[in-house]
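Breakdown of the fold
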Amino acid sequence: MVKIGIVGLGPIGSMHADNLSAGKIPGAQLVCACEQKPVDESKYPGVKIFKDFDDMLAKGGMDAVIISTPSFTHFPLGEKSLKAGFHTLVEKPVALCTEDACGLVKAAKGAGRLCAVMLNQRTTPLYARIKELVESGSLGEINRVDWTMTNWYRPDIYFTSSPWRGTWKGEAGGALLNQSIHNIDIFAWVFGMPKSVRAWCKFGKYHSIEVEDEVCCRMELSNGANATFATSTGEYPGLNRLTIAADKGFLVAENDSLKITRYKCGSLKKYTEETKYMFGVPESEEIVETFEGKGEQHVGVLKNFAGAIEGKGKLEYSAEEGAKSLEIANLMLLSAWTDSQADSPIDGAKYKKMLEKKSAASKLRENPKTDFIVEFQKSFR
Ligand SMILES: NC(=O)c1ccc[n+]([C@@H]2O[C@H](COP(=O)([O-])OP(=O)(O)OC[C@H]3O[C@@H](n4cnc5c(N)ncnc54)[C@H](O)[C@@H]3O)[C@@H](O)[C@H]2O)c1
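Presented here is an overview of the structure given in this document. None of these values were measured; they are calculated from a predicted model.

Calculation criteria
- Residues numbered from 1 in each chain as written.
- Predicted model: local features only at pLDDT ≥ 70, side-chain atom pairs only at ≥ 80, totals over all residues.
- Heavy atoms only, no water.
- Core = buried A, V, L, I, M, F, W, Y, C linked by side-chain atoms within 4.5 Å.
- Buried < 20%, exposed > 50% of the residue type's maximum accessible area, 1.4 Å probe, protein only.
- Helix = DSSP H or I, 4+ residues; strand = E, 2+ residues; numbered from the N terminus.
- Contact = heavy atoms within 4.5 Å.
- Salt bridge = Lys/Arg side-chain N within 4 Å of Asp/Glu carboxyl O.
- Near = heavy atom within 4 Å.
- Polar contact = N/O pair within 3.5 Å; in protein donor to acceptor, adjacent residues only side chain to side chain.
- Areas by Shrake-Rupley, 256 points an atom, 1.4 Å probe, with all protein chains shown as cover.
- Nonpolar A, V, L, I, M, F, W, Y, C, P; charged D, E, K, R; others polar.
- Pairing = 2+ DSSP bridges.
- Axes fitted to C-alpha atoms, helices over the stretch in contact; angles between N-to-C directions.
- 1 Å grid on protein atoms, 1.4 Å probe; cavity = no way out; pocket = protein on both sides within 12 Å on 5 of 7 lines; lining within 4 Å.
- Points joined across faces, edges and corners; volume = space filled by probe spheres on them.

**With respect to the nonpolar core**
One finds Ile130, Ile244 and Met332 to be the most contacted residues of the largest nonpolar core, which totals 114 residues. If one sorts the elements of this core by residue count, helix 12 (residues 319–338) sits on top with 11 residues. Apart from residues lying up to four places away in sequence, Ile130 is in contact with Val190, Leu242, Ile244, Ala253 and Leu258.

As structure tokens, then:
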């Protein structure tokens, strides 16, 4: 049985605690938690509650720690936990910049412990199917990708209810580092790392925040293909539509279904080269696949983490994996800040310095609003 401690019992940390307490992660047990704010301890019978993280590390009696505190604390708390000898899972984003993500990877190696990241959307059946279609070669060579991912609407209270959200100091980004980091992770998981990125960001266009709430981006994939990505937290209902134009088929994924137009001749390139019809189009068939539900999400990641600790399987959601989406998000911000193309791999040390400058001029929000209502499960399911 893997004994788990959680630091941060906000909306997401308390969801992890509830999932563990409800026995949804076989082989894992919640033994302690740490929260700075007052906690209703009757909700967590038999769980030791701490106010101070160092105290929990010293006296919690756990094997592994889940870090579900604000984003700017993932690196310092994660590094501390690993160096203290605990397997550690940090919430997304893995850190605020790739330099710190590397720091977590190094700390994990040094301590001989696992460092995982909550990349829960990799368990979404629709995304897993798209990865399978691309990786197996079933769609053929990728010619172009477009992902319009703008259904991340957030009202002002989402930002004003916490000290860290919407600030350079607290999360080092907005729509990219917080919401769309999930989609950028799926992008990197399916298509690999882009060679270069050119992005245009609008900072505080819809909300009174320092960071980006609208982004348009063009990337070049490793095979030279064009890819575009757009995100926003200011439009409603927005859209989640991914288009893949490939040599053997044309795929459109929207919400919970995907439609593939397959060319009967096998290859669009071959048809283009060989047809005698000036205005011809290839014969094709349409295949529609629909997906019910979002899969195991956070429970699936925790099951894999606990299993990997017990040596029952490979860690699928490592810090190295989490660093990929972070690098792309950092490249997009870098491109917008410098009004120029940003190439991968990023110069992590240089980016960190730029970020530190922005953070120095930024402030966590004082007196965050307290009259907010959390309907977390509803909003992300
Ligand atoms: N994977 C997902 O689907 C998902 C969803 C929501 C949030 N998140 C991530 O989870 C993190 C937390 O998000 P949230 O919405 O719960 O934030 P939140 O600010 O509402 O809650 C964080 C909690 O951590 C506590 N805390 C902060 N520092 C602490 C410390 N040193 N010791 C003890 N407690 C401490 C705070 O008091 C607060 O209660 C963010 O990084 C966010 O990006 C992930």
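**Looking at the pattern of salt bridges**
Taken as a whole and assessed by the stated rule, the structure comprises 21 salt bridges. Here Glu289 ties to Arg129 by a salt bridge, and the two come within 2.7 Å at their closest N and O atoms. One end of the pair, Glu289, is in strand 14 (residues 284–290); the other, Arg129, is in helix 5 (residues 125–135), with 160 residues separating them in the sequence. The class of Glu289 is buried, set by a relative accessible area of 18%. Between Lys294 and Asp256 there is a salt bridge, with the nearest N and O atoms lying 3.2 Å from each other. Of the two residues, Lys294 is situated in the loop between strand 14 and helix 11 (297–309) and Asp256 in the loop between strand 12 (249–254) and strand 13 (257–263); the sequence distance between them amounts to 38 residues. Look at the salt bridges and you will find they share partners, linking Arg122, Asp185, Glu321 and Lys324 into a network.

**Some words on the site of the ligand**
Around the ligand sit 23 residues in total, of which Glu35, Ser71, Trp164, Arg165 and His298 are the nearest. Thr69 is positioned such that a nitrogen or oxygen atom in its backbone is 3.4 Å from an oxygen atom of the ligand. Compared with its free state, where it exposes 850 Å², the ligand has 89% of that area covered by protein. Classifying every residue of the shell around the ligand by side-chain character gives eight nonpolar, 10 polar and five charged.

**Describing the sheet that holds strand 6 (residues 115–117)**
Taken in spatial order, the six strands of this open sheet run 3-2-1-4-5-6, and their pairing is parallel. Each of the sheet's edge strands pairs with one partner strand only, and the pair in question is strand 3 (48–50) and strand 6. Across the sheet, the mean angle from the axis of one strand to that of its neighbour is 25°, orientation sign disregarded. Pairing between strand 2 (residues 28–34) and strand 3: three bridges, direction parallel. Looking at the pairing, Cys34 lines up with Phe50 of strand 3.

**Digging into the sheet that holds strand 7 (residues 142–149)**
Within the open sheet, the nine strands sit side by side as 14-13-12-11-7-10-9-8-15. Their pairing is mixed. At either margin of the open sheet sits one strand with a lone partner, and together these are strand 14 and strand 15 (342–343). Packed on one face of the sheet, helix 5 meets strand 7, strand 11 (240–246), strand 12, strand 13 and strand 14 and runs near 20° to strand 13. Across the sheet, helix 12 is in contact with strand 8 (196–203), strand 9 (212–220), strand 10 (226–232) and strand 15; its angle to strand 8 comes to roughly 70°.

**Describing the pairing of strand 10**
Burial runs high along strand 10: five of the seven residues are buried. Summarising the sheet, strand 7 and strand 10 pair through six bridges and their orientation is parallel. Within the sheet, the bridge partner assigned to Arg144 lies in strand 10 and is Asn226. Where strand 9 lies against strand 10, seven bridges are found, and the strand directions are antiparallel. Its bridge partner being in strand 10, Met219 is matched across the sheet by Ala227.

**A look at the layout of surface pockets**
The space that makes up the second largest pocket amounts to roughly 150 Å³. Asn151, Tyr153, Pro155, Tyr236 and Pro237 are the residues that line the second largest pocket.

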